[in-house]
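A structural walkthrough
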Amino acid sequence: MLAALTGEVRSRPPFWLMRQAGRYLPEYRELRAKAGSFLDMCYNPDHAVEVTLQPLRRYDMDAAILFSDILVVPHALGQPLAFLEGEGPKLDPVRSVDDLKRLSRDRFHERLEPVYETVRRLSSAIPAHTTLIGFAGAPWTIACYMVEGAGSKEYAHVKRWAYGDPAGFGALMDLLVEVTADYLCTQIEAGAEVVQLFDSWAGVLPAGEFRRWVIEPTRRIVDLIKARHPAIPVIGFPRGAGLSYEEYVTGSGVDAVGLDTTVPVAWAAGNLQSRLPVQGNLDPIMLAAGGEALRNAASEILETLAGRPFVFNLGHGVIQTTPPEHVAELARLIKDWPNRG
Ligand SMILES: Cc1c2[nH]c(c1CCC(=O)O)Cc1[nH]c(c(CCC(=O)O)c1C)Cc1[nH]c(c(CCC(=O)O)c1C)Cc1[nH]c(c(C)c1CCC(=O)O)C2
């Protein structure tokens, strides 16, 4: 994984899967039923370590991703957060400069200490050949949840604030840039070897706003991380960026880029992979569907991207209804690459 991210090509590419830990695994559901809420699990290092290790035991991925959630950052800033069963996350929305007064950095690291403890334990608990990935949400995506107070179809509140009062919204984004860089650096100091920035809602912005609220904040975070940890690779995942992927790759400073499911791999090979390692982008529903379609789709990605620096992954997270055997088949296919059949 580290070799691929620094530009090396080996006989087969490394792989891991976004949301490789989670509800598609019976052992996850069993622990989750005992542990209480999802957030309790994130803040309990015993549980978070165990859940991180579960997919590695089955599939021996080349990387482990810290088990946590992107929304622990607003939570640690003092914004109330709950995950309601079947409804996703709910936060008390912040929608004005006045609302920002309810946030505070004072207890930020103290509240995130269980996450750092999980990373410290994982760095000795995972196998030596497995790379430990830390992560955070990128500022735009975190702001989406903080301002909407939940997932959304239109993102109208956050966009209206960003477009209508860029200085006020910029104050929230500045805060998120600083705490996110600091959070990722502390994960690195605890043992994370790579960090990924999830910008799940990057794709809802027009190009100029994308530059301002996706590329620029990402660039500032990368600069802050590089000042403290120049050798740690940063993967950016601007989901849905479309044609703006190119500008993201040249302008954000990330070391590698995650491709969402809709990016044509031949286009990515010519326009992005010529500049930096790429990661992706099997459709998670293809993994859930399985069979011939899965084998063909995975093979096409490998044939197109595996000859240059590449990390195999999905184009978004594993979905809950994915049969675990399909993940086993995919893992075999990648590990046997390029000697199929
Ligand atoms: C947007 C976002 C979130 N969280 C995350 C993102 C960015 C990636 C993406 O776009 O999916 C990132 C995330 N969430 C989780 C991880 C753990 C590491 C991994 O295995 O990838 C990571 C990296 C665990 C999780 N995060 C969540 C679960 C399910 C919790 C449970 O009920 O057990 C897990 C395993 C919950 C979550 N967390 C979030 C939502 C919208 C939801 C609810 C949706 C759902 O119920 O599936 C916010």
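Residues numbered from 1 in each chain as written. Predicted model: local features only at pLDDT ≥ 70, side-chain atom pairs only at ≥ 80, totals over all residues.

Under an unreviewed UniProt entry, the protein has the name Uroporphyrinogen decarboxylase and belongs to Azospirillum brasilense. In its Pathway (unreviewed entry) section, UniProt records this for the protein: "Porphyrin-containing compound metabolism; protoporphyrin-IX biosynthesis; coproporphyrinogen-III from 5-aminolevulinate: step 4/4." Its UniProt record, at the heading Sequence similarities (unreviewed entry), says of the protein: "Belongs to the uroporphyrinogen decarboxylase family." (UniProt positions renumbered as here; feature names shortened; annotations may be inferred.)

Assignment of secondary structure puts Leu56 in helix α4 (residues 45-59). Each C-alpha atom of the pair Leu56 and Phe312 lies 15 Å from the other, and the pair is 256 residues apart in sequence. Not counting residues up to four positions away in its chain, the partners in contact with Leu56 are Met61, Ala64, Ile126 and Thr130. (Helix = DSSP H or I, 4+ residues; strand = E, 2+ residues; numbered from the N terminus. Contact = placed C-beta atoms within 7 Å.)

Our next topic: the packing of helix α14 (residues 291-305) against helix α15 (residues 324-336). At a closest axis distance of 11 Å, the pairing of α14 and α15 adopts a crossing angle of 35°. Note on packing geometry: the crossing formed by α14 with α15 is right-handed. Between α14, through Leu294, Arg295 and Ala298, and α15, the contact on the second element is made entirely by His326, Leu330 and Leu333. Its residues assigned to classes, the contact of α14 with α15 comprises 4 nonpolar, 1 polar and 1 charged. (Axes fitted to C-alpha atoms, helices over the stretch in contact; angles between N-to-C directions. Left-handed = near helix turned anticlockwise from the far one by under 90°. Nonpolar A, V, L, I, M, F, W, Y, C, P; charged D, E, K, R; others polar.)

This next bit is on the nonpolar core. Membership of the largest hydrophobic core comes to 108 residues, with the highest contact counts inside it found for Val73, Ile133, Ala143, Ala192, Val195 and Val257. Setting aside chain neighbours within four positions, we find Val195 in contact with Ile133, Gly134, Phe135, Leu184, Gln187, Ile188, Ile232 and Val234. (Core = buried A, V, L, I, M, F, W, Y, C linked by C-beta atoms within 7 Å. Buried ≥ 20, exposed ≤ 12 C-beta atoms within 10 Å, placed from the backbone.)

Before going further, it helps to examine the sheet that holds strand β5 (residues 194-199). Strand order across the open sheet formed by 7 strands is β1-β4-β5-β6-β7-β8-β9, with parallel pairing between neighbours. The open sheet has two edge strands, β1 (63-65) and β9 (310-314), and neither has a second partner. In this sheet, adjacent strand axes meet at a mean angle of 25° when their direction is disregarded. As paired elements, strand β6 (residues 234-238) and strand β7 (residues 256-258) share 2 bridges and run parallel to each other. If you follow Ile235 over to β7, its bridge partner there is Ala256. Across the sheet, helix α10 (residues 207-228) lies against β5 and β6, angled at about 165° from β6, the strand it touches most. (Pairing = 2+ DSSP bridges.)

Turning to the UniProt feature "binding site: substrate" (unreviewed entry) in the protein, a few remarks are in order. Mapped onto the present numbering, the UniProt feature "binding site: substrate" (unreviewed entry) falls at Arg19, Gln20, Ala21, Gly22, Arg23, Asp69, Tyr145, Ser200 and His316. What stands out for the annotated residues spanning 298 residues is how far apart their C-alpha atoms range, the widest pair being 22.5 Å apart. Tracing the sequence through the fold places Gln20 in the loop between α1 (2-5) and α2 (26-35). Classification of Gln20 as buried rests on a count of 25 C-beta atoms within 10 Å. In this structure Gln20 touches Pro55, Met61, Ile65 and Val318, once residues within four positions along its chain are discounted. Take Ala21: it is sitting in the loop between α1 and α2.

Let us look at the pairing of β5. Burial runs high along β5: 6 of the 6 residues are buried. Residues Val194, Gln196 and Phe198 point to one face of β5 and Val195, Leu197 and Asp199 to the other, with burial holding for every one of them. Relative to β5, strand β4 (residues 131-137) runs parallel, the two being bridged by 5 bridges. Residue pairing across strands places Gly137 opposite Phe198, the latter belonging to β5. For β5 and β6, the ladder comprises 5 bridges, and the chain directions are parallel.

Here we come to the environment of Phe83. Of note, Phe83 is situated in strand β2 (residues 81-84). What makes Phe83 partly exposed here is the crowd of 16 C-beta atoms within 10 Å. Separated by 181 residues in sequence, Phe83 and Pro264 place their C-alpha atoms 34 Å apart.

Cis geometry is adopted by the peptide bond preceding Asn281, which originates at Gly280 and carries an omega value of -25°. Position of Asn281 relative to the elements: it lies in strand β8 (residues 278-282). Even without glycine at this site, Arg19 takes up a positive phi of about 60°. As for its placement among the helices and strands, Arg19 is situated in the loop between α1 and α2. A positive phi angle, close to 45°, is found at Asp60, a residue other than glycine. Of note, Asp60 is situated in the loop between α4 and β1.

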